[in-house]
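Residue-level structure breakdown
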Amino acid sequence: GHNLGPSLPYPTDQYFTEYRNRLEGKEPVRKMDWEDRDIKMGFEQAVMGKTFMHTPEEIAKTKRFLLDDKSVLMFKAIWEDRDSPHGDLRTFEVRFFLCDDTIEVIERVKPNCGRNAGRAFAFRRRLPKTKDAAAHAFDLTFKQSKDPNSGRFYGAEDLVIGAYINVYGRALRLWDCDPFTRQHCRNVLGVEQPTAIDVDKEYGIAPKPPPPNYPPPFNNFGTEEDSLGNWKNLVLKPPKQDLRRWMEFDGKLLRFRAKFRKPPTSEDADRTFMIVFYLGDDTIQVGEVAMRNSGMVGGCFLGRQRVKKYAGEGPLCNLTWRDFYVGAVVNIGGHIFELTETDEFTRRFRYQKYNLPYGINEDVVLYYLAQWQLTDPNTDLQEVVAIGNTQEPDETGRTLLGLMEMYNADHGGGVCMKDFVQAITGDAKRALPECEVEYTDSPSLAGAKADRRRQILAYSGAQKLQREITARGLTLADVHQLITTLPVSKSDRTGNYATNHLHVQFNSYQFFAACHDMFRLDLDPDEVEAMQQEFFPPTNKTMPLQSFITLMNRVKDYGGLPPLKPK
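Throughout, a residue's number is its position along its own chain's written sequence, starting from 1. For this predicted model, a pLDDT threshold of at least 70 governs which residues receive local features, and a threshold of 80 or more governs which side-chain atom pairs are given and counted, while totals over whole chains, interfaces and linings are taken from all residues. To obtain the side-chain values, all non-hydrogen atoms of the structure were used and water was disregarded.

Focus: the overall build of the protein chain
Convention followed: By definition, any uninterrupted DSSP run of H or I lasting at least four residues is a helix, any uninterrupted run of E lasting at least two residues is a strand, and each is numbered from the N terminus. Accessibility here uses a 1.4 Å probe with only protein chains present; expressed as a share of the type maximum, an area under 20% marks a residue as buried, one over 50% as exposed, and anything in between as partly exposed. Contact definition: two residues touch when any of their heavy atoms are within 4.5 Å. We get accessible surface area from the Shrake-Rupley algorithm with a probe of 1.4 Å; when it comes to residues, only the shown protein chains can shield them.
The helix and strand tally for the protein chain stands at 17 helices and 14 strands. Within the protein chain, the proportion of its 567 residues that are buried is 34%. Here the contacts in the protein chain between residues at least 6 apart in sequence split such that 57% fall between residues at least 24 apart. Accessible surface computed for the protein chain: about 36,900 Å², of which carbon and sulfur atoms make up 52%.

Some thoughts on the side chain of D323
Put simply, the rule is: In protein, a polar contact requires one atom able to donate a hydrogen and another able to accept it; more generally it is a pair of N or O atoms within 3.5 Å, and residues adjacent in sequence count only if both atoms are side-chain atoms.
Take D323: it is sitting in the loop between β10 (299-305) and β11 (329-332). Among the polar contacts made by the side chain of D323, one reaches the side chain of K309 at a distance of 3.1 Å.

Focus: the packing of helix α10 (residues 381-390) against helix α11 (residues 395-410)
As a reminder of what qualifies: With axes taken as lines fitted to C-alpha atoms, and helix axes fitted only over the stretch in contact, angles between N-to-C directions fall between 0 and 180 degrees. For classification purposes, angles smaller than 35 degrees are called roughly parallel, those larger than 145 roughly antiparallel, those between 65 and 115 roughly perpendicular, and all remaining angles oblique. Note on convention: the crossing is left-handed when the near helix lies turned anticlockwise from the far helix by less than a right angle, right-handed when the turn is clockwise. Gly is put with the polar residues, along with every residue not named as nonpolar or charged; the nonpolar set is Ala, Val, Leu, Ile, Met, Phe, Trp, Tyr, Cys and Pro, and the charged set is Asp, Glu, Lys and Arg.
Close contact between α10 and α11 brings their axes to 9 Å; oriented N to C, the two are set at 160°. In terms of orientation, α10 lies roughly antiparallel with respect to α11. α10 and α11 meet at a crossing whose hand is left-handed. Contact with α10, carried on its side by L381, Q382, V384, V385, G388 and N389, involves L401, M404, E405, Y407 and N408 of α11 and no other residues of that element. Here the contact of α10 with α11 is built from residues that sort into 6 nonpolar, 4 polar and 1 charged.

So, the side chain of H184
Topologically, H184 is positioned in helix α4 (residues 179-189). In this structure H184 comes out as buried when scored by relative accessible area, which is 14%. Contact partners of H184, with chain neighbours within four places excluded, come to L73, L98 and L189.

A few points about α10
In an α-helix there are 3.6 residues to a turn, and that puts residues three or four apart on one side. We count it as follows: Each C-beta atom gives one direction from the helix axis, and the arc is the one those directions make.
Every buried residue of α10 is listed here: L381, V384, V385 and G388. Angular distribution of buried residues about the axis of α10 spans 100°; they occupy a single face of the element. Put simply, D380 is the residue that caps the front of α10, since its side-chain oxygen is 2.9 Å from the backbone nitrogen of Q382. A positive phi of about 50° marks E392, the residue just after α10.

Remarks on the sheet that holds strand β4 (residues 120-125)
Applied cut-off: One requirement defines pairing of two strands: DSSP has to find at least two bridges between them.
Spatially, the 6 strands line up as an open sheet ordered β4-β3-β2-β1-β6-β5, and their pairing is antiparallel. A strand with exactly one partner marks an edge of an open sheet, and here the two such strands are β4 and β5 (164-167). Along the sheet, successive strands turn relative to each other by an average axial angle of 35°, direction set aside. Across 6 bridges, the pairing between strand β2 (residues 89-97) and strand β3 (residues 102-107) is antiparallel. When the sheet's bridge partners are listed, E93 is paired in β3 with I106. Relative to strand β1 (residues 72-80), α4 is tilted by about 110°, and along the sheet it contacts β1 and β6 (170-177).

Digging into the pattern of salt bridges
What counts is decided by this rule: Salt bridges, as used here, are contacts in which a Lys or Arg side-chain nitrogen is within 4 Å of a carboxyl oxygen on Asp or Glu.
By the definition in use, this model includes 25 salt bridges. The partner of E527 in a salt bridge is K464, with the nearest N and O atoms 3.2 Å apart. You can see E527 sitting in helix α16 (residues 525-535) and its partner K464 sitting in helix α13 (residues 443-472), a full 63 residues away along the chain. Owing to a relative accessible area of 23%, K464 belongs among the partly exposed residues under this scheme. Through salt bridges with shared partners, a single ionic network connects E93, R95, E104 and R108.

Regarding the pairing of strand β12 (residues 335-342)
Bridge count between strand β7 (residues 253-260) and β12: 5 bridges; the pairing is antiparallel. Its bridge partner being in β12, K259 is matched across the sheet by E338. The sheet contact formed by β11 and β12 spans 4 bridges and is antiparallel. When the bridges of β12 are listed, V329 appears paired with E338.

Quick word on the pairing of strand β9 (residues 283-288)
Most of β9 is tucked away: 5 of the 6 residues are buried. Alignment of strand β8 (residues 273-278) against β9, held across 6 bridges, turns out to be antiparallel. Note on β9: the bridge partner recorded for M274 is G287. Where β8 hands over to β9, the hairpin turn is made up of 4 residues, of which D282 adopts a positive phi near 60°. The pairing of β9 with β10 spans 4 bridges and is classified as antiparallel.

Some thoughts on the packing of aromatic side chains
This is how the line gets drawn: Whether two aromatic rings pair depends on their centres lying within 6.5 Å, for rings of Phe, Tyr and Trp, where Trp uses its six-membered ring; planes under 30 degrees apart make the pair stacked, over 60 edge-to-face, and the rest tilted. We count a charge as sitting over a ring when the NZ of a lysine or the CZ of an arginine lies within 6 Å of the ring centre and within 35 degrees of the ring normal.
Under the criterion given, the structure shown has 25 aromatic pairs. Arranged with centres 5.5 Å apart and planes meeting at 75°, the rings of Y15 and F16 form a pair that is edge-to-face. Members of the aromatic cluster, connected to one another through ring pairs, are F506, F511, F512, F536 and F548. The positively charged end of K129 is found above the aromatic ring belonging to Y154, 5.7 Å away from the centroid.

Some thoughts on the sheet that holds β10
If you walk across this open sheet you meet the 6 strands as β10-β9-β8-β7-β12-β11, and the pairing is antiparallel. The open sheet has two edge strands, β10 and β11, and neither has a second partner. Taking the axes of each pair of neighbouring strands and ignoring which way they run, one obtains an average angle of 30° across the sheet.

Quick look at the structure:
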């Protein structure tokens, strides 16, 4: 191609040349901030008579409102009115709102004093100091009157502990404030609030202790938990059962052989009893072992029930499994029993690492044995206890020595230190099933327990679905509509598409497909089988929207299942 040469400059224009020169000679324009605008608006208003929608004072008040909104100074006040007829010493709470200098006075009514609680003594407004200023108490917050009397109101600087404030003719004395008020007065106002006034001492009033609130004695109707629930709650609710404990310990018993501690007669000295403690519900049953030619008829001595350890109401007053060990003395129904022997399962159960006393574990046992310089594993356990008592042990050491004494008594004495350490540190839980006490339920009770286990498994799986629905922010109606659109079976791949009818139902195949494919739930085979039997019985193999909503709402309270009832 042809060489065109260098580019020519743009043609100059006289107008743009002069305009550019004028701009280069000017100073840069500085943007005004909010303070400059306020100064400009005030100057124009004063000199030129120009008015604006908001004055600088109003803007400043608005800024104060935005900064101090919801910031409240709280003072405690007292009104001495005992000299007047039917008067009393009344306590109040004075709240000062920093955003608009308004004050609210709330009376703290004592119980059973005859006054209505919950009503304001003085509603929120600016509190006037004089009668002339009371006429301006209802002026608007940002358009207050220019009258001199409008400024005669209480401010934050007027509220000091020990000062009196006039609340429409009532002289209230401030005697305490909260920590936020002290910090605000110190950092913002520069005022250090005095210490709180001891009004009980100054006004000669002594605080009355609250009356004791003891539960009423058990009236033997129903269960004790039912009676305590009626006493604690106004709306009656059935007591919740510890289902996890019931599933884990149902059918596990602790059995002890016992005799009278102090037999009332010589004939009772040879009587032998079998005390059974049920771990599932902390109930106790006492039976007498029949002895030939003794004149005593064996059988049930005390029916299965909870037994009080000492006087009182509630489950904390009952005997627990920790109160039963060989050598223990227990009071059951007014009879003093001494436990003399136990079975193998009870020995193993007590010394599992999950059932040891608080603060006792494998490391603690080895630490104290090393501290007491006991290195021979064949040392008799009774000798270990004697040596430990001479070392002045602390509370944990005394607990360990007591546990050694119980272990030695449970095994009939002659136990060495190696056996005790092995029982504490070994995994005895794997050997427990072969030592469990075998017994047979009645057909009706066995059926009821099977139904309860199935119900717990079904509700456990449904709770996983409930948590996933809540996490995704879905409603039950949306979930029901999504499930109905899934295929109804493996062979029929059609669903109820584009429908929102309340009576549209889904079957078990659609339900479990949604649980697995849509919500990615990890359900156990036992949970799937239990949900199939519980939610889709043979008499009702489909579920409409109303039944689905009722089921998911019932799942939330599955911990409060009704008591077990044999069929």
